[in-house]
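Report on the structure
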Amino acid sequence: MLGYYFWLAARSLRRNAILTALMIAAIALGIGASMTSLTVLRAMSGNPLAHKDDVVRRPQVDNWAPARGWNQNDPNDLPNLFTYQDAKAFYDAQKAKYQAIMFPNVLSVEPANREVKPYMATVLFTHGDMFPMFDIPFLHGGGWSKAQDDGNARVAVLSRATSEKLFGAEDPIGRTVRLGGEDFAVVGVMNYWDPRPHFYEVSSGGFQTAEEIYLPFNLGIERELNSSANNNCWQDPGQGYEAWLASDCVWLAYWLELESASDADEYKAFIDAYVTEQKKLGRFPRPLNNQFHTVSSWLEGQRVVSRDVRTQAWMSAAFLIVCLINTIGLLLAKFMARASEIGLRRAVGASKRQIFAQYLTEAGVVGVAGALIGLVVTAGGLAGLRLLYGEDGGATGLLARLDTTMVIVTALVAIAASIAAGLYPTWRACGITPATQLKSN
Amino acid sequence: MLVMRSLSKVYRTHLVETHALRDFNLTVRDGEFVAVTGPSGSGKTTFLNIAGLLEEFTGGEYHLDSVDVRGLDDNARSRLRNEKIGFIFQGFNLIPDLNLFDNVDVPLRYRGLKSAERKKRIEHALTRVGLASRMRHYPAELSGGQQQRVAIARALAGEPKILLADEPTGNLDSLMARGVMELLEEINQQGTTIIMVTHDPEPAARAHRNVHIIDGQVTDLAGAPPLRNATEALVANG
């Protein structure tokens, strides 16, 4: 019977092409608008380390001013970076399976290949534990060891794009790259790693692209660098780099991976003990309020997805509902206009269930057509966003891409929406009293 | 074929109660051609709707081809309608955007017959009403009499035990009406029971028996013909 229902649906929809086009357009526009927003929201709401959410952690401690918190409106909104002395203390304790301090900066790159001009590259100074902790994929080689960290080894990990830029398609492991006037041995090339959001360093926005080069953390300190993202102080740090390192200025990200989720309480107790100890030394003047985030709670707490994006998604969902109500009205008009046909079908032996299936099939066909056109509208909407914001000009432009999951979700939402829209008209169609319709025809 | 005993039908609204049928008793035997007459509002259409399982009744008994229809669910009633009853309506009730072949196909689709069997039945039914050559035409391309013949073909294709006709000649001129009546008589002669509701005395006169309804009750059962054969006598209600 399903084939018969499809055949009838196709005939019915062809019979009144304008009404059919209006219904499909209503669904397609609603789907297009809502899925465009949802795609951006979903991309922004992603958690690149969801599979390790229970073990990869980000502590937060409140070393801010005694009289004025980091966020005066929210006492639980703590500094989102660490001081050097605190991060180093946590790192040196080696209490976790992996731990890494990190900060971004830029260094000049002098390519050996004279055809490539020198340029400034973004660099993340970090510990070697970051690579296994963040499950970073490697095309060639790997990260560096703790011994290399401790020994200030001149080693570098390159992004794949940087490797291809400097060395072409060849494996550069063992080759050197000249950075900031110094040679570094290439030990690893990442294989397309660019997490969205840029969860490990969100102080200057959650959606910048991953760095081009990765160097041992201590080399950044050796070069007396600070962060190219954010450096925040609540009091004058004093003169000189030593004073900077000893200050209460926050500028470093610190991440760790526990052996297992059950170690979380123990690590949190360690942080509390450390801060309590520091309080005795006159630091941490504010009440004890340490936090120990998972990646997801960290992203939530840092409001990586702006309220505007959420509002936009809700608005477009409301628009979809308006479109669906419109479709319900159109379907209802269409089905009720065929009351005598329904009466006739019931009289010659169609059960209510069969009438329901027939008309729901018709609604489903409208939904499939709406889904297909809705996908095109969604792709168009996302292309429009990229054009409007620019692919390098912000998160919305960068993330406005339709992936396979969203294509499937869009199609399913469109079909589900049109079937939902078709339910009431179909139910009304089933309720038609055949006797009345047959006599009145 | 059809037995109604003490049947009643009451339409209720929050303001008023209307007794469309009351203590309605009727027996129609296999192979009969019964005309049901009566003034407007007497309950003829209500009777036909109940007989055709298009409406529930309030009280009494109704047996169709020995099946007690009381309490049957929608699926069972639909199946019974599909297998045992053919409808012919005053307004023909053809689906305008289906051609004659597909219109006649409608009840067969719900029977679940194979495509080849449906095709055979449709062609046979349309041949029987003299419209085999026009099976790809649409209803709007036919005269009223031809449309009613298509409706009859649709009813016949399901090979029903009983044909229920509601004013089948009501929308036709006298020439076309005569043609339709001749066709119904021919169908009846081939063994199909026919119950026809009509206002018109001329077609009513061609039936074997006239049943007159006034105020929801049968008032006259005159004119019952002799049974055609022994088999009919056995199955006839007694």
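The following paragraphs examine the structure supplied in this document. This is a predicted model, so every value here is computed, not measured.

Regarding the overall build of chain A
The helix and strand inventory of chain A stands at 16 helices and ten strands. Per-residue burial for chain A yields a buried fraction of 45% across its 441 residues. Counting contacts in chain A only where the partners sit at least 6 residues apart, residues at least 24 apart contribute 77% of the total.

Re the overall build of chain B
Regarding its fold elements, chain B presents eight helices and ten strands. Taking all 238 residues of chain B together, 46% fall into the buried category. When contacts within chain B are restricted to residue pairs at least 6 apart in sequence, long-range pairs at least 24 apart make up 70% of them.

What about the nonpolar core?
Counting residues in each nonpolar core, the largest one holds 110 residues, and the members touching the most others are Ile27 and Ile31 of chain A together with Val36, Ala153, Leu164 and Ile195 of chain B. Aside from chain neighbours lying at most four places away, what touches Ala153 of chain B is Val104, Ala125, Leu126, Arg128, Val129 and Leu131 of chain B. Counting 65 residues, the second-largest nonpolar core is a separate cluster that includes Val157, Phe217, Ala253 and Tyr254 of chain A.

Overview of the interface of chain B and chain A
A common way to express how large an interface is: the accessible area buried when the components associate. Between chain B and chain A, the residue contacts involve 22 residues of the former and 20 residues of the latter. Within the residue set of the side of chain B that touches chain A, elements represented by two or more residues are helix 1 (44–51), helix 2 (74–84) and helix 3 (100–111) of chain B. Among the elements that take part in the side of chain B that touches chain A, helix 2 of chain B stands out by supplying six residues, more than any other. Partitioning the side of chain B that touches chain A into residue classes produces seven nonpolar, eight polar and seven charged.

A few points about the packing of helix 3 of chain B against helix 4 (residues 115–128) of chain B
All names here are of chain B. In contact at an axis separation of 10 Å, helix 3 and helix 4 are set at 120 degrees when each is read in the N-to-C sense. As far as their axial angle goes, helix 4 and helix 3 are oblique. Where helix 3 crosses over helix 4, the handedness of that crossing is right-handed. The segment helix 3 lies against helix 4, with Leu100, Phe101, Val104, Asp105 and Leu108 engaging Arg118, Arg121, Ile122, Ala125 and Leu126. The residue inventory of the contact of helix 3 with helix 4, partitioned by class, reads seven nonpolar, no polar and three charged.

Quick word on the sheet that holds strand 4 (residues 59–64) of chain B
All names here are of chain B. The strand order across the open sheet built from four strands is 2-1-4-5, with neighbouring strands paired in antiparallel fashion. In the strand order of this sheet, the two ends are held by strand 2 (17–28) and strand 5 (67–68), each with one partner. Sheet topology note: the strand 1 (residues 2–12)/strand 4 ladder contains five bridges and is antiparallel. Bridge pairing links Leu2 to Leu64 in strand 4. Where helix 1 meets the sheet, it contacts strand 1, strand 2 and strand 4, and its direction lies at approximately 60 degrees from that of strand 2.

Things to note about the pairing of strand 3 (residues 33–37) of chain B
All names here are of chain B. The buried fraction of strand 3 is high, at five of five residues. Side chains Phe33, Ala35 and Thr37 project from strand 3 onto one buried face, and the interleaved Val34 and Val36 project onto a second face that is buried too. Where strand 3 meets strand 8 (residues 193–197), four bridges bridge the pair, whose relative direction is parallel. Opposite Val36, over in strand 8, you have Val197 as the bridge partner.

Let's talk about unusual backbone geometry
Of note, the amide linkage connecting Arg196 of chain A to Pro197 of chain A takes the cis form, showing an omega dihedral of -5 degrees. Considering the arrangement of structural elements, one finds Pro197 of chain A in the loop between strand 7 (182–190) and strand 8 (213–216). Notably, Asp23 of chain B is not glycine yet its phi reads approximately 40 degrees, a positive angle. A positive phi angle is found at Phe92 of chain B, which is not glycine, with a value near 70 degrees. Inspection of the secondary structure puts Phe92 of chain B in the loop between strand 6 (85–88) and helix 3. In this structure Phe92 of chain B comes out as buried when scored by C-beta crowding, with 24 C-beta atoms within 10 Å.

What about the packing of helix 5 (residues 144–157) of chain B against helix 6 (residues 174–189) of chain B?
Residue and element names in this part refer to chain B. The N-to-C vectors of helix 5 and helix 6 enclose an angle of 15 degrees; their axes lie 9 Å apart at closest approach. With respect to helix 6, the element helix 5 is oriented roughly parallel. Relative to helix 6, the crossing made by helix 5 is right-handed. Contacts between helix 5 and helix 6 pair Gly144, Gly145, Gln148, Arg149, Ile152 and Leu156 from the former with Met176, Gly179, Val180, Leu183 and Ile187 from the latter. Looking at the contact of helix 5 with helix 6 residue by residue, the class counts come to six nonpolar, four polar and one charged.

So, how was this worked out
- Residues numbered from 1 in each chain as written.
- Chains lettered and ligands numbered in written order.
- Predicted model: local features only at pLDDT ≥ 70, side-chain atom pairs only at ≥ 80, totals over all residues.
- Helix = DSSP H or I, 4+ residues; strand = E, 2+ residues; numbered from the N terminus.
- Buried ≥ 20, exposed ≤ 12 C-beta atoms within 10 Å, placed from the backbone.
- Contact = placed C-beta atoms within 7 Å.
- Core = buried A, V, L, I, M, F, W, Y, C linked by C-beta atoms within 7 Å.
- Nonpolar A, V, L, I, M, F, W, Y, C, P; charged D, E, K, R; others polar.
- Axes fitted to C-alpha atoms, helices over the stretch in contact; angles between N-to-C directions.
- Parallel < 35°, antiparallel > 145°, perpendicular 65-115°, else oblique.
- Left-handed = near helix turned anticlockwise from the far one by under 90°.
- Pairing = 2+ DSSP bridges.

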